[in-house]
Structure formats: C-alpha cells, structure tokens
Amino acid sequence: MLTTEFVENAVKQLSAEELVKFRQWYAQFDSDLWDAQIEADAAAGKLDTLATEAFADYHSGQSREL
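For the structure given in this document, a descriptive report is provided here. (Residues numbered from 1 in each chain as written. Predicted model: local features only at pLDDT ≥ 70, side-chain atom pairs only at ≥ 80, totals over all residues. Heavy atoms only, no water.)

Quick notes on the overall build of the protein chain
Going by this rule: To qualify as a helix, a DSSP run of H or I must reach at least 4 residues; to qualify as a strand, a run of E must reach at least 2; elements of each kind are numbered from the N terminus. Three exposure classes are used, based on accessible area relative to the maximum for each residue type with a 1.4 Å probe and protein chains only: buried under 20%, partly exposed in between, and exposed over 50%. Working definition of accessibility: Shrake-Rupley area with a 1.4 Å probe, residue cover restricted to the visible protein chains. Only four residue types enter the charge count, namely Lys and Arg as positive and Asp and Glu as negative; His and the chain termini do not. For the purpose of locating charges, the reference atoms are NZ of Lys, CZ of Arg, CG of Asp and CD of Glu.
For the protein chain, the count of helices and strands is three helices and zero strands. Mapped from its N terminus to its C terminus, the protein chain presents α and β elements in the order α-α-α. For the protein chain, the spread of C-alpha atoms along the principal axes amounts to about 55 × 30 × 15 Å. Out of the 66 residues belonging to the protein chain, those deemed buried represent 2%. A total of about 6,300 Å² of accessible surface is found on the protein chain, and carbon and sulfur atoms cover 58% of it. When the 5 basic and 13 acidic side-chain charges of the protein chain are each reduced to a single mean position, those positions are 8 Å apart.

Remarks on a nonpolar patch on the surface
Definition in use: For patch building, the residue pool is restricted to those with more than 30% relative accessible area and no salt bridge; the joining distance is 9 Å between like charges and 5 Å between nonpolar side chains (Val, Leu, Ile, Met, Phe, Trp, Tyr). The term salt bridge refers to a side-chain nitrogen of Lys or Arg lying within 4 Å of a carboxyl oxygen of Asp or Glu.
Residues Trp25, Tyr26, Phe29 and Leu33 make up a contiguous nonpolar surface patch of about 420 Å² in total accessible area. With respect to the helices and strands, Leu33 occurs in helix α2 (residues 16-43).

Structural notes on the packing of aromatic side chains
Applicable threshold: Only rings of Phe, Tyr and Trp enter the pairing, Trp through its six-membered ring, and a pair is recorded when the two centres are within 6.5 Å. The plane angle decides the type: under 30 degrees is stacked, over 60 is edge-to-face, the rest tilted.
One pass over the full model with this rule turns up five aromatic pairs. Where Phe22 meets Trp25, the ring centres are 5.8 Å apart and the plane angle is 35°; that geometry is what we call tilted. In this pair, Phe22 and Trp25 are both assigned in helix α2, three residues apart and thus about one turn of the helix distant. What makes Phe22 partly exposed here is its relative accessible area of 28%.

A short note on helix α3 (residues 48-59)
Note the cut-off: The span you would expect from a helix comes to 1.5 Å times its residue count less one.
Compared with the 16 Å implied by 1.5 Å per residue over twelve residues, the 16 Å span of α3 between its first and last C-alpha is a close match. Taken across its twelve residues, α3 has zero buried, putting it largely on the surface.

Re the side chain of Asp41
Definition in use: Pairing of N or O atoms within 3.5 Å defines a polar contact, subject to two protein rules: one partner must be a possible hydrogen donor and the other a possible acceptor, and residues neighboring in sequence count only if both atoms are side-chain atoms. Every residue pair with non-hydrogen atoms within 4.5 Å of one another is taken to be in contact.
Tracing the sequence through the fold places Asp41 in helix α2. Given the relative accessible area of 16%, Asp41 is considered buried. Reaching out from Asp41, the side chain makes a polar contact with the side chain of Gln37 at a distance of 2.8 Å. For Asp41, the contacting residues outside a window of four places in its chain are Lys46 and Leu47.

Take a look at the structure:
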C-alpha cells in the first residue's frame, strides 16, 4: 500500500507538464468521488431534511434567486 509520504514525494518529482496533467486528473478524480458520495447520501435519504427545509424556505419567501 502506498503512503501519503510516498505520493507526496512522487508528485514533487513531476515535471511542470506532468504536474499540469496530474492536477487535471486529480480534479476530475476528486469531483467524481464527491459526486458519488452525494448520490449515495441522497439515495440513503441523508439529504431529505435539507431538501425539506430548502423547499419550506422557498415557499415561505425566505429565499432568493442567485
């Protein structure tokens, strides 16, 4: 298993071009993980209370368009 320290040292050794590619890859990787977590939380009902509160605020006029 890789350690954080190993990964950090490997990233430090990347060329400028490789670092750009790594950043792009990691941004997408992190975004995909975040999306999967949100989808899992939504499917499990963990966001239901927040959605209910948001709709209540909207219908009572306590929200505004961004």
